[in-house]
Each structure stands twice: as structure tokens, then as C-alpha cells.
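Survey of secondary and tertiary structure
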Amino acid sequence: MDQRIQQLQTQALQLPRLTKKSPVVPTGQTTTAFKDVLQEAQGLKVSKHAQERLQQRNITIDPSQWQKISEKVSEAKQKGITESLVITNDAALLVSTKNHTVVTAMDRSEVESKIFTNINGAILM
């Protein structure tokens, strides 16, 4: 064998280990979970409790108003609000922006005598 040829040692490349808690994201970009994107695209959900309150109190909200509320709730979520009070001309809704769900609903006349706790934002429609 020719003495000019030297044997090289091969070494496997070490790849960084990825965990579920630390996804690789290009610099300057943020990630949004698919379920969050899907939920926002579907609009607001109304909990069973809220649905009962809407019926008991004869509160009706038309689809275009629901769309506007949904958009504002999405904006509130982006600003870090987790629980919001949404006040419309006819009703007040307590909405969880975390899971895009109306938790309860009440007539505007009921709102005047109530104190709201555990909210960190308000949306006036």
C-alpha cells in the first residue's frame, strides 16, 4: 500500500436533541399551535351554561355581531388577556380567550348591579 495514503477515522455527526418543549423556530418568528389556529378560524364556542343563560334571558346575538365579538376576542388574546368581559348594547358576556369560549351571558340590566371578578380585560362593542 502506498504510504502517502493515510487512513482517516470516521466520526458520526452529533445532532442536537430536540424535545417537545423546545421546538426549533427560525429567528424572528413565533409559533402558534394548530389547535389555536383552528379554534380561532371556527369562531367562538358557547358553553352549555352560557347557552342556557342566553335562552333564559331571551338574549339574541346575530351572526355578524358574533363574528365581530370573535375578532375582538382574538385581538384580546394576542394582547395577553385570558378572561374578558364583552359588553354589547343588549348583553354582557364573560369570555375565556384561552379557549375561545363564552362562559356566561347576562342581560345589560343585570350588569349594572354586578361586580365582575377574575377578568383581566374588557371589550366594549
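Attention in this report is confined to the structure presented alongside it. (Residues numbered from 1 in each chain as written. Predicted model: local features only at pLDDT ≥ 70, side-chain atom pairs only at ≥ 80, totals over all residues. Heavy atoms only, no water.)

1. Quick notes on helix 2 (residues 48-56)
- All of the buried residues along helix 2 are Ala-50, Arg-53 and Leu-54. What you see down the axis of helix 2 is that its buried residues fit within an arc of 100°, all on one side. Among the exposed residues of helix 2, those pointing more than 90 degrees away from its buried face are Lys-48, Gln-55 and Gln-56.
- Buried residues belonging to helix 2 abut strand 1 (45-46), helix 3 (63-78), strand 3 (91-96) and strand 4 (101-107).
- Downstream of helix 2 by one or two residues, Asn-58 has phi in the positive range, about 50°. (Buried < 20%, exposed > 50% of the residue type's maximum accessible area, 1.4 Å probe, protein only. Helix = DSSP H or I, 4+ residues; strand = E, 2+ residues; numbered from the N terminus. Arc of directions from axis to C-beta. Contact = heavy atoms within 4.5 Å.)

2. With respect to the sheet that holds strand 3
- Reading across the sheet, the five strands line up as 1-4-3-2-5 and stay open at both edges, with mixed pairing between neighbours. In this open sheet, the two edge strands, each paired with only one partner strand, are strand 1 and strand 5 (121-124).
- In this sheet, strand 4 lies alongside strand 1 in parallel orientation, the contact comprising two bridges. What sits directly across from Lys-45, in strand 4, is Thr-101.
- Here helix 2 sits on the sheet and contacts strand 1, strand 3 and strand 4; the angle it forms with strand 4, its principal contact strand, is near 25°. (Pairing = 2+ DSSP bridges. Axes fitted to C-alpha atoms, helices over the stretch in contact; angles between N-to-C directions.)

3. Examining the nonpolar core
- Counting 16 residues, the largest nonpolar core has Leu-44, Ile-69, Val-73, Val-86, Leu-93, Val-95 and Val-102 as its most contacted members.
- Secondary structure elements with two or more residues in this core: helix 2, helix 3, strand 3 and strand 4.
- In this view, Leu-93 contacts Leu-54, Ile-61, Trp-66, Ile-69, Ser-84, Leu-85, Val-86, Val-102, Thr-104 and Ala-105; residues no more than four positions away in its chain are not counted.
- By size, the runner-up hydrophobic cluster in this structure holds five residues, among which are Leu-85, Ile-87, Met-106 and Val-111. (Core = buried A, V, L, I, M, F, W, Y, C linked by side-chain atoms within 4.5 Å.)

4. Quick notes on unusual backbone geometry
- Non-glycine residue Asn-58 carries a positive phi angle of around 50°.
- Structurally, Asn-58 can be placed in the loop between helix 2 and helix 3.
- Despite not being glycine, His-100 has its phi angle at roughly 55°, a positive value.
- Mapped onto the fold, His-100 is located in the loop between strand 3 and strand 4.
- Overall, His-100 belongs to the buried group, its relative accessible area being 1%.

5. Quick notes on the pattern of salt bridges
- One pass over the structure, following the stated rule, counts two salt bridges.
- For Arg-57, the salt bridge identified is with Glu-110, shortest N-O distance 3.2 Å. Placement of Arg-57 in the loop between helix 2 and helix 3 and of Glu-110 in helix 4 (residues 108-111) is noted, with a sequence separation of 53 residues between them.
- Exposure remark for Arg-57: the relative accessible area of 26% places this residue in the partly exposed category.
- Between Glu-75 and Lys-72 there is a salt bridge, with its nearest N and O atoms 3.8 Å apart. You can see Glu-75 and its partner Lys-72 sitting in helix 3, three residues apart, about one turn around the helix.
- The class of Glu-75 is partly exposed, set by a relative accessible area of 36%. (Salt bridge = Lys/Arg side-chain N within 4 Å of Asp/Glu carboxyl O.)

Everything listed here is a matter of coordinates, which is why it stays silent on function.
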